[in-house]
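Fold and contact review
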Amino acid sequence: MVPARASATTPSDTPKPGLRERKKIKTRRAIRRTAYRLFEELGYDATPVGRIAEAADVSPSTFFRYFPTKEDIVLTDEYDALLAAGIRARPHDEPLVDSLRQGALAALRQLAGQDRTDLRRRGRLIRDVPAIRGRTAEMAARDTAAISAILAERTGRPADDLELRVIGAAAVAGLQEALLHWAEDGCTTRLEDLIHRAMDVLARGLAV
């Protein structure tokens, strides 16, 4: 492996979003939470985009600016960006699995109670809705590419390096399975503990 760079970005070094971006995040969250509430009341398939937009007090065109399809409400959220920032902030001389573990936990710590509720709803919808489950490969590919790019930054390897892609894909799969397990068991186990268990599997080389 190419020697690591001398320093890593710390969370305090990460640029804070401006007012315009904060307003976008607030609107995106409001639409998503409205949608999740309606999905629970009416069912996913019985909730049209127009109903979500009306309940969120936005126009359909505004809805589609934030979410190109109804599935994207579930397949995109703020955790993905927090995860990327958390991994990028880890020391470059840290073992990769430790950076993935600590980055995931750091992202989770930044989620407030309502955000965690949304994360649980996301897991249940991925599990229960065929239209969403059918697009999880697309979501996994996107997240794998993002993690691989971050690992490439710290190792000096190209972002399409096969080993980095395998590590990224394994991390994404592990985190998704931890999320699904958490949603399925009614959140009786701490999500942090499930993330540790998932990353332990990677750390010991997928042995059982």
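Residues numbered from 1 in each chain as written. Predicted model: local features only at pLDDT ≥ 70, side-chain atom pairs only at ≥ 80, totals over all residues. Heavy atoms only, no water.

**A word on the overall build of the chain**
Stated precisely, the cut-off is as follows: Segments assigned H or I by DSSP are reported as helices when at least four residues long, segments assigned E as strands when at least two residues long, and all are numbered from the N terminus. Residue burial is assigned from relative accessible area. The probe radius is 1.4 Å, only protein chains are included, and a residue is buried under 20% of its type maximum, exposed over 50%, and partly exposed in between. Computed with the Shrake-Rupley method and a 1.4 Å probe, the accessible areas treat only the protein chains shown as cover for residues.
Counting its regular elements, the chain contains 11 helices and zero strands. Secondary structure of the chain in N-to-C order comes out as α-α-α-α-α-α-α-α-α-α-α. Considering the chain as a whole, with its 208 residues, one finds that 43% of them fall into the buried category. Counting every atom, the chain has about 11,100 Å² of accessible surface; 55% of that belongs to carbon and sulfur.

**A look at the packing of aromatic side chains**
We count it as follows: Each Phe, Tyr or Trp ring, with Trp reduced to its six-membered ring, pairs with another whose centre is within 6.5 Å; inter-plane angles below 30 degrees give stacked pairs, above 60 give edge-to-face pairs, and intermediate values give tilted ones. By the criterion adopted, a ring carries a charge over it if an Arg CZ or a Lys NZ lies within 6 Å of its centre and within 35 degrees of its normal.
Using the criterion set out here, one finds four aromatic pairs in the structure. Ring centres 6.4 Å apart and planes at 65 degrees place the aromatic pair Tyr36 and Phe39 in the edge-to-face group. Here the residue Tyr36 and the residue Phe39 both occupy positions in helix 1 (residues 19-42), the gap between them amounting to three residues, near one helical turn. A ring pair is formed by Phe63 and Phe67, whose centres lie 5.7 Å apart and whose planes are at 50 degrees; its orientation type is tilted. Put simply, the rings of Tyr36, Phe39 and Tyr44 pair up and form one aromatic cluster. The ring of Tyr44 is capped by Lys70, whose NZ or CZ atom sits 4.2 Å from the centre of that ring.

**Considering the layout of surface pockets**
To keep it simple, the criterion reads: Computed over the protein atoms alone on a 1 Å grid, cavities are sets of points where a 1.4 Å probe fits but cannot get out and pockets are open sets with protein on both sides within 12 Å along at least five of seven lines; a residue lines them when it has an atom within 4 Å of a point. Grid points are joined across faces, edges and corners, and a volume is the space filled by probe spheres set on the points. Residue type decides the class: Asp, Glu, Lys and Arg count as charged, Ala, Val, Leu, Ile, Met, Phe, Trp, Tyr, Cys and Pro as nonpolar, and the leftover types, Gly among them, as polar.
Looking at the second largest pocket, its volume works out to about 150 Å³. Among the secondary structure elements, those contributing two or more residues to the lining of the second largest pocket are helix 6 (96-109) and helix 10 (162-184). It is helix 10 that contributes the most residues to the lining of the second largest pocket, three residues altogether. Class assignment of the residues belonging to the lining of the second largest pocket gives a composition of seven nonpolar, one polar and no charged.

**Structural notes on helix 10**
For the record, the criterion: Each helix should span, by expectation, one fewer than its residue count multiplied by 1.5 Å. Whenever a nitrogen or oxygen atom comes within 3.5 Å of another N or O atom, the pair is scored as a polar contact, on the condition that within protein one atom can donate a hydrogen and the other can accept it, and that pairs from neighbouring residues in sequence are kept only if both atoms are in side chains.
Compared with an ideal rise of 1.5 Å per residue, which puts 23 residues at 33 Å, helix 10 spans 32 Å between its outermost C-alpha atoms and is within 8% of the ideal. Of the residues making up helix 10, those classed as buried are Leu164, Gly168, Ala171, Val172, Gly174, Leu175, Ala178, Leu179, Leu180, Trp182 and Ala183. Capping the start of helix 10, Asp161 holds a side-chain oxygen 3.0 Å from the backbone nitrogen of Glu163, two or three residues further along. Gly186, located one to two residues past helix 10, shows a positive phi value of around 70 degrees.

**Re the packing of helix 10 against helix 11 (residues 191-203)**
Quick reminder of the rule: Every angle, taken between N-to-C directions, lies between 0 and 180 degrees, and every axis is a line fitted to C-alpha atoms, over only the stretch in contact when it is a helix. If you view the pair so one helix is near and one far, a crossing is left-handed when the near helix is turned anticlockwise from the far one by less than a right angle, and right-handed when it is turned clockwise. Throughout, a residue-residue contact means that at least one pair of heavy atoms, one from each residue, lies within 4.5 Å.
Axis separation between helix 10 and helix 11 bottoms out at 9 Å; the angle between their running directions is 145 degrees. Of the two elements, helix 10 crosses helix 11, and the hand of that crossing is right-handed. Residues Ala170, Ala171, Gly174, Leu175, Ala178, Leu179, His181 and Trp182 of helix 10 touch helix 11, and the partners they reach there are Leu191, Leu194, Ile195, Ala198, Met199 and Leu202.

**Thoughts on the pattern of salt bridges**
The criterion, for reference: Basic side-chain nitrogens of Lys or Arg form a salt bridge, by our definition, when they fall within 4 Å of a carboxyl oxygen of Asp or Glu.
This model, assessed by the stated rule, comprises 18 salt bridges. For the salt bridge of Asp80 with Arg122, the shortest nitrogen-to-oxygen distance reads 3.7 Å. Placement of Asp80 in helix 5 (residues 78-88) and of Arg122 in helix 7 (residues 113-128) is noted, with a sequence separation of 42 residues between them. Take Asp80: its relative accessible area is 19%, and that puts it in the buried class. Note on Arg122: relative accessible area 4%, which makes it buried. In this structure, Arg142 engages Asp143 in a salt bridge whose closest nitrogen and oxygen atoms are separated by 3.1 Å. What makes Arg142 partly exposed here is its relative accessible area of 36%. With relative accessibility at 16%, the residue Asp143 sits in the buried group. Three or more residues joined by partner-sharing salt bridges are found here, namely Arg33, Glu40, Asp118 and Arg121.

**Digging into the side chain of Thr155**
Tracing the backbone through its elements, the reader meets Thr155 in helix 9 (residues 136-155). On the basis of relative accessible area, Thr155 is assigned to the buried category, the value being 2%.

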